[in-house]
Amino acid sequence: MHSNFSPDMISAASDALLDAMGSPSKLSHPMADQFRNAPLSSLANIIGQQVNPRAAGNRQAAIAAALSSQDFSKVVAEVGNTFCRKRFSATAAHRAFCQPVVVPNFKPVAVADFSVSTQLERIGEDAAVTPSRIRTTEGHEASLFSYAAALLFSRQTVVNDELQGIANILAAYGSTAARTEAKLVYDLLESNPSLGDA
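Residues numbered from 1 in each chain as written. Predicted model: local features only at pLDDT ≥ 70, side-chain atom pairs only at ≥ 80, totals over all residues. Heavy atoms only, no water.

Visitor: Would you mind going over the overall build of the chain in detail, with residue names and values included?
Guide: On a plain count of helices and strands, the chain comes out with 6 helices and 2 strands. If you list the helices and strands of the chain from N to C, you get α-α-α-α-β-β-α-α. Its C-alpha atoms give the chain a radius of gyration of 24 Å, clearly above 16 Å, the size a compact globule of 198 residues would have. For the chain, with 198 residues in total, the buried portion stands at 31%. By sequence separation, contacts in the chain at least 24 residues apart represent 63% of the contacts at least 6 residues apart. Of the roughly 13500 Å² of accessible surface on the chain, a fraction of 54% belongs to carbon and sulfur atoms. (Helix = DSSP H or I, 4+ residues; strand = E, 2+ residues; numbered from the N terminus. Rg over C-alpha atoms; globule rule 2.2 N^0.38 Å. Buried < 20%, exposed > 50% of the residue type's maximum accessible area, 1.4 Å probe, protein only. Contact = heavy atoms within 4.5 Å. Areas by Shrake-Rupley, 256 points an atom, 1.4 Å probe, with all protein chains shown as cover.)

Visitor: I'd like a description of the packing of helix α4 (residues 70–91) against helix α6 (residues 163–191), backed by residues and values.
Guide: Their axes nearest at 8 Å, the elements α4 and α6 cross at an angle of 50°. Here α4 is positioned oblique relative to α6, judged by the angle of their axes. Once α4 is placed against α6, the crossing between them reads as right-handed. Facing α4, whose interface residues are Gly-80, Phe-83, Cys-84, Arg-87, Phe-88 and Thr-91, α6 presents Ala-167, Leu-170, Ala-171, Tyr-173, Gly-174, Ser-175, Ala-177, Ala-178 and Glu-181. For the contact of α4 with α6, the class distribution of residues is 9 nonpolar, 4 polar and 2 charged. (Axes fitted to C-alpha atoms, helices over the stretch in contact; angles between N-to-C directions. Parallel < 35°, antiparallel > 145°, perpendicular 65-115°, else oblique. Left-handed = near helix turned anticlockwise from the far one by under 90°. Nonpolar A, V, L, I, M, F, W, Y, C, P; charged D, E, K, R; others polar.)

Visitor: Could you give an account of the packing of helix α2 (residues 39–51) against helix α3 (residues 59–67), naming the residues involved and the relevant values?
Guide: Their axes nearest at 7 Å, the elements α2 and α3 cross at an angle of 80°. Compared by their axis directions, α2 and α3 come out roughly perpendicular. On α3, the residues that touch Ser-41, Ser-42, Ala-44, Asn-45, Ile-47, Gly-48, Gln-49 and Val-51 of α2 are Arg-59, Ala-62, Ile-63, Ala-65 and Ala-66. Split by residue class, the contact of α2 with α3 holds 7 nonpolar, 5 polar and 1 charged.

Visitor: I'd like to hear about α3, residue by residue, with values.
Guide: Taken together, the buried positions of α3 are Ala-62, Ile-63, Ala-65 and Ala-66. All buried residues of α3 project into a common sector of 160° when viewed along the axis, lining one side. Looking at the packing, one finds that the buried side of α3 touches α2, α4 and α5 (155–159). (Arc of directions from axis to C-beta.)

Visitor: Describe in detail the packing of aromatic side chains, supporting the description with residues and values.
Guide: Summed over the entire model, instances satisfying the criterion amount to 1 aromatic pair. Taking the centre distance of 6.1 Å and the plane angle of 35° together, the rings of Phe-97 and Tyr-186 count as tilted. Here Phe-97, found in the loop between α4 and β1 (109–115), pairs with Tyr-186, found in helix α6; they are 89 residues apart in sequence, far enough to count as distant. Judged by relative accessible area, Phe-97 falls into the partly exposed class, the value being 48%. (Phe/Tyr/Trp six-rings, centres within 6.5 Å; stacked < 30°, edge-to-face > 60°.)

Visitor: I'd love a proper account of the nonpolar core, names of residues and values included.
Guide: In globular proteins that are soluble, nonpolar side chains generally tend to be buried together. If you look at the biggest cluster of nonpolar residues, it comprises 29 residues, and the most contacted ones within it are Met-21, Phe-35, Leu-40, Leu-43, Ile-47, Phe-72 and Phe-83. With 7 residues, the single largest contributor to this core is helix α1 (residues 7–20). For Phe-83, the contacting residues outside a window of four places in its chain are Leu-18, Met-21, Ser-23, Ala-167, Leu-170 and Ala-171. (Core = buried A, V, L, I, M, F, W, Y, C linked by side-chain atoms within 4.5 Å.)

Visitor: Go over unusual backbone geometry, please, and point to the residues and values.
Guide: Of note in this structure, Asp-126 is not a glycine but carries a positive phi near 65°. Locating Asp-126 in the fold gives a position in the loop between β1 and β2 (135–142). The class of Asp-126 is exposed, set by a relative accessible area of 78%. Its identity as a non-glycine residue notwithstanding, Asp-161 has a phi of 50°, on the positive side. With respect to the helices and strands, Asp-161 occurs in the loop between α5 and α6.

Visitor: So what's going on with the environment of Leu-151? Which residues, and what values?
Guide: Assignment of secondary structure puts Leu-151 in the loop between β2 and α5. Considering only alpha carbons, one finds Leu-151 and Ile-166, 15 residues apart in sequence, at a separation of 9.2 Å. Residues contacting Leu-151, with those up to four places away along its chain left out, are Ile-169, Leu-170 and Tyr-173.

What follows is the structure in structure tokens.
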């Protein structure tokens, strides 16, 4: 279908992959429609012809070349990560009461604890409102950790564009990531009395 590799084609195929997996981009690439029927194998075909120009016109040879290239792995990994992050965000209910903290590296950092009463009091017209006082405690130490998983799939999966199966697996990874983070949050709350409600 295409004999030349271009960033536009990769972007279009990536958007088509997300769409076929049930997670369309808000602003899909205008060229994505031409990949709708076979986005995964078409993406492999494009990259394979770039990796091995002699495979031009031979779809199977191009797909085989793509599967051994870093370019194909990188694009599919980016699409998979995007899909997983969306699934994570949709299931990470614990983040509603978490405040992100930016850390520069993996070294432990001190995090101060702030507490304040968030109870609302009923008042009449022109009544004075009692201010709440923010209390700062010594806090605790936090560290950044990485969690990961690797997904391998076969040439047959690519040729057959078995995206629904891949999407189901990636959705499970995203949900597992959310549950893993939630467990860390709940374990911290249960183990540290100073993190209890004010």
